[in-house]
Amino acid sequence: IQQIFIETPKKKQVMMFSATMSTDTRALCKKFMQDPHEIRVDEESKLTLHGLLQYYKKLTEKEKNRTLNDLLDALEFNQVV
């Protein structure tokens, strides 16, 4: 992270998104940001998407694109996350 900041222009807009960020990484990022805003989801109240169905299938790397295309052709979506 430090090397990226050093090699990019001094005047820039920086945004970082992460579902998980260690305390050390967070401190390093804040070192390079001016007036940072941090939005966190409290551990006690994690976001839950009710009615969301999830499935998984173990695939080889070679099978992934074809299977995704087949699923997108076969399924109907009214919302996508």
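Just so you know, these numbers come straight off a predicted model, no measurement behind them.

### Description of the overall build of the protein
Phase 1: Looking only at helices and strands, the protein features three helices and zero strands.
Phase 2: Along the protein, from the amino end to the carboxyl end, the secondary structure elements read α-α-α.
Phase 3: Across the 81 residues that make up the protein, the buried fraction comes to 5%.
Phase 4: Accessible surface, the protein as shown: approximately 8,800 Å² in total, 53% of it carbon and sulfur.

### Remarks on unusual backbone geometry
Phase 1: A positive phi is found at D35, a non-glycine position, where the angle reads about 50 degrees.
Phase 2: For D35, the position within the fold is in the loop between α2 (23-32) and α3 (61-74).

### Here we look at the side chain of R26
Phase 1: Tracing the backbone through its elements, the reader meets R26 in helix α2.
Phase 2: Sequence-distant contacts of R26, that is, excluding residues within four places in its chain, are made with M21, E38 and R40.

### Thoughts on the pattern of salt bridges
Phase 1: Within the structure shown, the criterion is met by four salt bridges.
Phase 2: For the salt bridge of K64 with E61, the shortest nitrogen-to-oxygen distance reads 3.1 Å. Placement of both K64 and E61 in helix α3 is noted, with a separation of three residues, approximately one turn of the helix.
Phase 3: Here D70 ties to R66 by a salt bridge, and the two come within 3.8 Å at their closest N and O atoms. Separated by four residues within a single helix, D70 and R66 lie in helix α3, roughly one turn from each other.
Phase 4: By relative accessible area, which is 58% here, R66 ends up exposed.
Phase 5: One continuous salt-bridge network, built from bridges that share partners, spans R26, K30 and E38.

### Some words on the confidence of the model for the protein
Detailed reading of the predicted model is not advised wherever pLDDT is low.
Phase 1: For the protein, the mean per-residue pLDDT works out to 81, and 86% of the residues sit at or above 70.
Phase 2: Mean pLDDT values over the elements of the protein span from 83, in α2, up to 92, in α3.

### Let's talk about the environment of Q34
Phase 1: Inspection of the secondary structure puts Q34 in the loop between α2 and α3.
Phase 2: Sequence spacing of Q34 and Q13 is 21 residues, and the spatial spacing of their C-alpha atoms is 9.5 Å.

Rules used throughout
Residues numbered from 1 in each chain as written. Predicted model: local features only at pLDDT ≥ 70, side-chain atom pairs only at ≥ 80, totals over all residues. Heavy atoms only, no water. Helix = DSSP H or I, 4+ residues; strand = E, 2+ residues; numbered from the N terminus. Buried < 20%, exposed > 50% of the residue type's maximum accessible area, 1.4 Å probe, protein only. Areas by Shrake-Rupley, 256 points an atom, 1.4 Å probe, with all protein chains shown as cover. Contact = heavy atoms within 4.5 Å. Salt bridge = Lys/Arg side-chain N within 4 Å of Asp/Glu carboxyl O. pLDDT = per-residue confidence, 0-100.

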